[in-house]
Amino acid sequence: MDFNLTEEHLMIQQAARDFAQNELLPGVIDRDEKQIFPTEQVKKMGQLGFMGMMVDPKYGGSGLDTVSYVIAMEEISKVDASASVVMSVNNSLVCWGLQEFGTEEQKQKYLPGLASGEIHGAFCLSEPEAGSDATSQKTTALDMGDHYLVNGTKNWITNGSTASVYLVIAQTHAELKHKGINVLIMTKDMPGFTVGPKEQKMGIRGSDTHSLMFSDVKVPKENRIGEDGFGFKFAMKTLAGGRIGIASQALGIASGAYERALKYSKERKAFGTEICNHQAIAFKLADMAVNIEAARHLCMKAAWDKDQHKNYDVSGAMAKLFASQVAMDTAVEAVQIHGGNGYVKEYHVERMMRDAKITQIYEGTSEIQKIVISRAIIAE
């Protein structure tokens, strides 16, 4: 085992850190408060190669490994989780799914724009009655011979109004249940495609979350990814990698909150000394540091498994389950260490606490991760 980052990994870490501090930090509070999508920042992430990190260079991507992706996600999430979720969805769910399972024509058509950040994508699985139970797809894709006719609603879609490419999971053969589901590439200029109002969210308020409605949307057959009925398997395989991205986001939120709490504890004085010298605070910092390091190792292990072409279903689930809990716990304690200032926007940690919660919910709730893990260990 080698726990050292390579020279390339260190360069990626520094580039992501510099971008986060110089481009994301200015205005991050205002974007959160006013729910402003980070349009210019996302474009710059694309120019730096962060929107298509694992995409093959022949399709315009950076051609990097998953470990590089984890490193960059942590640094960007330390500052702005709303920007990092755009990056995560585009990399883990959209680009990876297209590159791994798309036809050559689909890759050539969509990946260069997605990888460059010129456009970005959305992954459309969740529905009003199909969140954790992804098999219960009510959106239908009726086979009309040379095209599908799509009807239904998707909920909580990240990049809902700003995306150009949408991977939509829909039921074609209801009698086959999850084996009758397909995944279709859609664009919002297709007649019958409607974007609903923006969701009013507790956290990641700068990200673009909407419901999508489809009314007799005509989607060409060549826009289907994989064989007929491959959609559910596509969703599960893609989400397994997506969990590594969200685990890395959670790790970043935790490490960002910890760094701010540590710095504040060395500056704020109470009872004649800096508060970091009080055992009550020092022990909080120690717990935070230990948990973040453990979460980082779980994220790196999952990324390494993926890069080594090993099964990463369990390691990814473990990373997401643990890192999301660490994000929540660390952000709460960071607010506590800041005292009254922790409740004030300008100190950032209240936003991090709000942002942390979603990492326990999207791309598979913590309860779903426990199902994945428990089934695997019982089957051993």
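Residues numbered from 1 in each chain as written. Predicted model: local features only at pLDDT ≥ 70, side-chain atom pairs only at ≥ 80, totals over all residues. Heavy atoms only, no water.

A word on the UniProt feature "domain: Acyl-CoA dehydrogenase/oxidase N-terminal" (unreviewed entry) in the protein chain
Now for step 1: In the numbering adopted here, UniProt assigns the feature "domain: Acyl-CoA dehydrogenase/oxidase N-terminal" (unreviewed entry) to residues 6-118.
Now for step 2: End C-alpha to end C-alpha, residues 6-118 measures 29 Å, and it is 71% helix and 0% strand. (UniProt positions renumbered as here; feature names shortened; annotations may be inferred. Helix = DSSP H or I, 4+ residues; strand = E, 2+ residues; numbered from the N terminus.)

A word on the pairing of strand E3 (residues 147-158)
Now for step 1: Burial analysis of E3 places nine of its twelve residues in the buried class, which makes it a mostly covered element.
Now for step 2: Pairing between strand E2 (residues 140-143) and E3: four bridges, direction antiparallel. Across the sheet, Asp 143 pairs through a bridge with Tyr 148, a residue of E3. (Buried < 20%, exposed > 50% of the residue type's maximum accessible area, 1.4 Å probe, protein only. Pairing = 2+ DSSP bridges.)

Describing the pairing of strand E1 (residues 121-124)
Now for step 1: Side chains Gly 121 and Phe 123 project from E1 onto one buried face, and the interleaved Ala 122 and Cys 124 project onto a second face that is buried too.
Now for step 2: Here E1 runs beside strand E4 (residues 165-171); their pairing, made up of four bridges, is parallel. Bridge pairing links Phe 123 to Leu 167 in E4.

Some thoughts on helix H9 (residues 313-338)
Now for step 1: Between its first and last C-alpha atoms H9 spans 37 Å; for 26 residues at 1.5 Å apiece the expected length is 38 Å, and the two agree.
Now for step 2: Trailing H9 by a residue or two, Gly 339 shows a phi angle of about 60°, which is positive. (Expected span 1.5 Å × (residues − 1).)

Observations regarding the side chain of Arg 351
Now for step 1: Take Arg 351: it is sitting in helix H10 (residues 349-358).
Now for step 2: A polar contact of 2.6 Å, which involves the side chain of Arg 351, links it to the side chain of His 348.
Now for step 3: Those residues in contact with Arg 351 that lie beyond four places of it in its chain are Val 28, Asp 32, Val 79 and Asp 80. (Polar contact = N/O pair within 3.5 Å; in protein donor to acceptor, adjacent residues only side chain to side chain. Contact = heavy atoms within 4.5 Å.)

A word on the pattern of salt bridges
Now for step 1: In total, this model carries 18 salt bridges according to the counting rule given.
Now for step 2: For Lys 34, the salt bridge identified is with Asp 30, shortest N-O distance 3.3 Å. Taken together, the residues span about one helical turn, with Lys 34 and Asp 30 both in helix H2 (residues 28-34) at a distance of four residues.
Now for step 3: According to the relative accessible area criterion, Lys 34 is exposed, its value standing at 55%.
Now for step 4: Judged by its relative accessible area of 33%, Asp 30 is partly exposed.
Now for step 5: Across the salt bridge formed by Arg 296 and Glu 74, the nearest N and O atoms sit 2.7 Å from each other. Of this pair, Arg 296 sits in helix H8 (residues 279-307) while Glu 74 sits in helix H4 (residues 66-77), and the two are 222 residues apart along the sequence.
Now for step 6: A relative accessible area of 23% places Arg 296 in the partly exposed class.
Now for step 7: Given the relative accessible area of 5%, Glu 74 is considered buried.
Now for step 8: Put simply, Arg 17, Glu 75, Lys 78 and Glu 259 are held in one network by salt bridges that share partners. (Salt bridge = Lys/Arg side-chain N within 4 Å of Asp/Glu carboxyl O.)

Focus on the layout of surface pockets
Over the atoms, a rolling probe the size of a water molecule traces out where space has been left empty.
Now for step 1: Volume-wise, the largest pocket comes out at about 1300 Å³.
Now for step 2: Leu 125, Leu 239, Arg 243, Glu 363 and Gly 364 are the residues nearest the centre of the largest pocket, which is lined by 47 residues in total.
Now for step 3: Elements with a minimum of two residues in the lining of the largest pocket: helix H5 (81-101), E1, E3, helix H7 (231-267), H10 and helix H11 (366-379).
Now for step 4: Across the lining of the largest pocket, the residue classes break down as 24 nonpolar, eleven polar and twelve charged.
Now for step 5: Here the second largest pocket defines a volume of roughly 580 Å³.
Now for step 6: Around the second largest pocket, the lining comprises 21 residues; the ones closest to its centre are Asp 2, Phe 3, Leu 5, Val 67 and Met 300.
Now for step 7: Secondary structure elements with two or more residues in the lining of the second largest pocket: helix H1 (7-24), H4 and H8. (1 Å grid on protein atoms, 1.4 Å probe; cavity = no way out; pocket = protein on both sides within 12 Å on 5 of 7 lines; lining within 4 Å. Points joined across faces, edges and corners; volume = space filled by probe spheres on them. Nonpolar A, V, L, I, M, F, W, Y, C, P; charged D, E, K, R; others polar.)

Examining the domain arrangement of the protein chain
Now for step 1: Entries for the protein chain in the domain assignment read domain 1 (7-120), domain 2 (122-229) and domain 3 (232-379).
Now for step 2: Taking only C-alpha atoms, the centre of domain 1 and the centre of domain 3 are 20 Å apart.
Now for step 3: Between domain 1 and domain 3, the contact holds 28 residues from the first and 35 residues from the second.
Now for step 4: Regarding the contact of domain 1 and domain 3, the summed buried area is about 2500 Å², with carbon and sulfur atoms giving 64% of it.
Now for step 5: Taken as a group, Val 70, Glu 74 and Lys 78 account for 23% of the area that domain 1 buries against domain 3, more than any other trio of residues on that side.
Now for step 6: The tally of links between domain 1 and domain 3 comes to three salt bridges.
Now for step 7: In this structure, Lys 78 engages Glu 259 in a salt bridge whose closest nitrogen and oxygen atoms are separated by 2.8 Å.
Now for step 8: Counting across the domain 1 and domain 3 interface gives nine residue pairs in polar contact (both at pLDDT 80 or more).
Now for step 9: Among the elements of the structure, H2, H4 and H5 are those that each provide at least two residues to the side of domain 1 that touches domain 3.
Now for step 10: Among the residues making up the side of domain 1 that touches domain 3, the classes are represented as 16 nonpolar, six polar and six charged. (Domains from an automatic or database assignment. Buried area = accessible area lost by both parts, 1.4 Å probe.)

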